[in-house]
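Structure assessment
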Amino acid sequence: MAPRGIPEPVLIRGTGLLGTSIGLGLRSAGADTYLSDPSPSAQAVAVDIGAGQAFPGDHTAAPSPGVVVVAAPPDVAGQVVIDSLVRFPGAVVLDIASVKGAIRREVDAAVVGGTLTPTQAARYVGTHPMAGRERSGPVAARGALFTAAPWVVCAAGDTSPEAVSAAEEIARVLGATVHRMSAEDHDASVALISHLPQIAASLVSSRLQETPAHSLALSGNGLRDTTRIAASDPQLWVQILAANAPDILQILYEVREDLDRLITTMEEPLAPGARLDIAQLIAEGNAGHARIPGKHGAPPQAFAVVTVIVDDTPGQISAVLQDVGEAGVNVEDLRMDHSAGHEVGMLEISVLPGREQDLTDALTAQGWKVV
């Protein structure tokens, strides 16, 4: 059964990770979905894995879409949005690019230049699903990719209610949580919570290029966590950073002030007040980190951590979790670390404060080595 509130069929223009994932999710929900991509091979893969039907090349024989989802790269998304508004006169057009202001400005400029009419432009709404993977392309797509993820809808003052409704319904059908923001607020927000972390991870990772192997052998979760997203696609990030440069620059200026402050302090670390300044800088980081929403978006809280030593053999992690479940303790978070030079791992199980001792006793009784 097709989902209510989504004008069909849905045409997805772009079959990368996100576009194909949207197709898989909508098809699973019963929506009539078509796919189009400049790359025949990418489109073919997306069709083969069930994300939708190929949109006919002969547009005279093609169905008229009710919604067009533009999942093109950021540097061409605006052009594809404008083309879709012109080519498909009855369709709501939404894009899923990670920067919204630049595309909105392209649409507005097309109205001023006469390429679009105000009525056509009213069918466009910018959106941004805050989801992704380190892998790219249609083969990495997952229909459940957007489950519980924020999906920002950036309607302008002249955006039609029908366009907003269709965009929000697609987000809900895919399991996402809808957030409404202006394009300006969105771009300022992602500059801080998404683009700055990418820059920081890449800058830290760039320092590792000539690092001796014996030094890297000492690295643990701290370095891995800090640099994980440094493996992202350079071509994509060139487009994102260029499109959102004004908002990112403002934050980088502020970070530069903090770095200059720290450098000045570290040049004379024993000077009066220097250690206090270092402590304040770390404390400011503590305060900022404490504001990041915790589980299910709730206010963050400190969890107790139970660390279990497990052998590097199949079935160990599942066996531990089975015993945790039998102890009646809920796992709030889970992470794995490995001990350098030893064939053992350390499974860090986060639980609510007050359940730490119960879990420690239960696992110890089952023969596990608990730190």
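In case you missed it, the structure is sitting above this.
Below is a short write-up of the structure. (Residues numbered from 1 in each chain as written. Predicted model: local features only at pLDDT ≥ 70, side-chain atom pairs only at ≥ 80, totals over all residues. Heavy atoms only, no water.)

1. Topic: the overall build of the chain
When you go through the chain residue by residue, the secondary structure sums to 14 helices and 12 strands. Along the longest, intermediate and shortest principal axes, the C-alpha atoms of the chain span 70 × 55 × 40 Å. Across the 371 residues in the chain, those meeting the buried criterion constitute 37%. Within the chain, contacts between residues at least 6 apart in sequence are counted, and of these 69% link residues at least 24 apart. Only carbon and sulfur atoms are counted for the fraction: they give 57% of the accessible area of the chain, which is about 19900 Å². Considering the chain, the positive charge centre built from 24 side chains and the negative charge centre built from 42 side chains are found 3 Å apart. (Helix = DSSP H or I, 4+ residues; strand = E, 2+ residues; numbered from the N terminus. Buried < 20%, exposed > 50% of the residue type's maximum accessible area, 1.4 Å probe, protein only. Contact = heavy atoms within 4.5 Å. Areas by Shrake-Rupley, 256 points an atom, 1.4 Å probe, with all protein chains shown as cover. Lys, Arg positive; Asp, Glu negative; His and termini not counted. Charge placed at Lys NZ, Arg CZ, Asp CG, Glu CD.)

2. Overview of the nonpolar core
Grouped together as the largest cluster of nonpolar side chains are 32 residues, with contacts concentrated most on Ile22, Leu26, Val67, Val69, Leu94, Trp151 and Ile170. The leading source of residues in this core is helix α6 (residues 161-173), at six residues. Residues Tyr34, Phe55, Ala72 and Ile103 belong to the second largest nonpolar core, which totals 22 residues. (Core = buried A, V, L, I, M, F, W, Y, C linked by side-chain atoms within 4.5 Å.)

3. Points about the pattern of salt bridges
The final tally for this structure, using the stated rule, is 12 salt bridges. A salt bridge links Glu348 to Arg335; the shortest N-O distance between them is 3.4 Å. You can see Glu348 sitting in strand β11 (residues 344-351) and its partner Arg335 sitting in strand β10 (residues 333-338), a full 13 residues away along the chain. Judged by its relative accessible area of 23%, Glu348 falls in the partly exposed class. Judged by relative accessible area, Arg335 falls into the partly exposed class, the value being 34%. Several salt bridges converge on common partners, so that one network encompasses Glu168, Glu169, Arg172 and Arg180. (Salt bridge = Lys/Arg side-chain N within 4 Å of Asp/Glu carboxyl O.)

4. Looking at the packing of aromatic side chains
Across all of its chains, the model carries three aromatic pairs by this definition. Consider the rings of Tyr34 and Phe55, whose centres lie 6.1 Å apart with planes at 85°: the pair is edge-to-face. Linking Tyr34 in strand β2 (residues 33-36) with Phe55 in the loop between β3 (53-54) and β4 (67-70), this pair joins segments that are 21 residues apart in sequence. One exposure class covers both Tyr34 and Phe55, and it is buried. Taking 5.2 Å as the distance between ring centres and 50° as the angle between the ring planes, the aromatic pair formed by Phe146 and Trp151 counts as tilted. Since its relative accessible area comes to 0%, Phe146 is described here as buried. Taken together through their ring pairs, the aromatic side chains of Tyr34, Phe55 and Phe88 make up a single cluster. (Phe/Tyr/Trp six-rings, centres within 6.5 Å; stacked < 30°, edge-to-face > 60°.)

5. Some remarks on the side chain of Gln316
Mapped onto the fold, Gln316 is located in helix α13 (residues 316-326). Residue class for Gln316 comes out buried when judged on its relative accessible area of 19%. Contacts of Gln316, omitting those with residues within four sequence positions, involve Val310, Asp311 and Trp368.

6. Comments concerning a negative patch on the surface
On the surface, Glu254, Glu257, Asp258 and Asp260 cluster together into a negatively charged patch. One can find Asp260 in helix α11 (residues 245-267). (Patch = residues over 30% accessible without salt bridge, like charges linked within 9 Å, V, L, I, M, F, W, Y side chains within 5 Å.)

7. Comments concerning the packing of helix α7 (residues 183-206) against helix α10 (residues 234-243)
For the pair α7 and α10, interaxial distance at closest approach is 11 Å and the crossing angle is 125°. Here α7 is positioned oblique relative to α10, judged by the angle of their axes. The crossing of α7 and α10 is left-handed. Along the contact surface, α7 presents Ser194, His195, Gln198 and Ile199, while α10 presents Trp237, Ile240 and Leu241. Here the contact of α7 with α10 is composed, by residue class, of four nonpolar, three polar and no charged. (Axes fitted to C-alpha atoms, helices over the stretch in contact; angles between N-to-C directions. Parallel < 35°, antiparallel > 145°, perpendicular 65-115°, else oblique. Left-handed = near helix turned anticlockwise from the far one by under 90°. Nonpolar A, V, L, I, M, F, W, Y, C, P; charged D, E, K, R; others polar.)

8. Focus: a nonpolar patch on the surface
Side chains of Leu249, Leu252 and Tyr253 sit close together on the surface and give an oily, nonpolar patch of about 240 Å² of accessible area. A relative accessible area of 31% places Leu252 in the partly exposed class.

9. Re the environment of Gln250
Looking at the element boundaries, Gln250 is found in helix α11. What makes Gln250 partly exposed here is its relative accessible area of 44%. Separated by 58 residues in sequence, Gln250 and Leu192 have C-alpha atoms that sit 9.8 Å apart.

10. So, the side chain of Gln198
Positionally, Gln198 belongs in helix α7. Among the residues examined, Gln198 registers a relative accessible area of 5% and is labelled buried. Excluding residues that lie within four positions of it along the chain, Gln198 makes contacts with Ile229, Ala230, Ser232 and Trp237.

11. Quick word on the pairing of strand β6 (residues 124-129)
Most of β6 is tucked away: six of the six residues are buried. The side-chain alternation of β6 yields two buried faces, one formed by Tyr124, Gly126 and His128 and the other by Val125, Thr127 and Pro129. Pairing between strand β5 (residues 92-95) and β6: three bridges, direction parallel. Directly across from Asp95, in β6, lies its bridge partner Gly126. (Pairing = 2+ DSSP bridges.)

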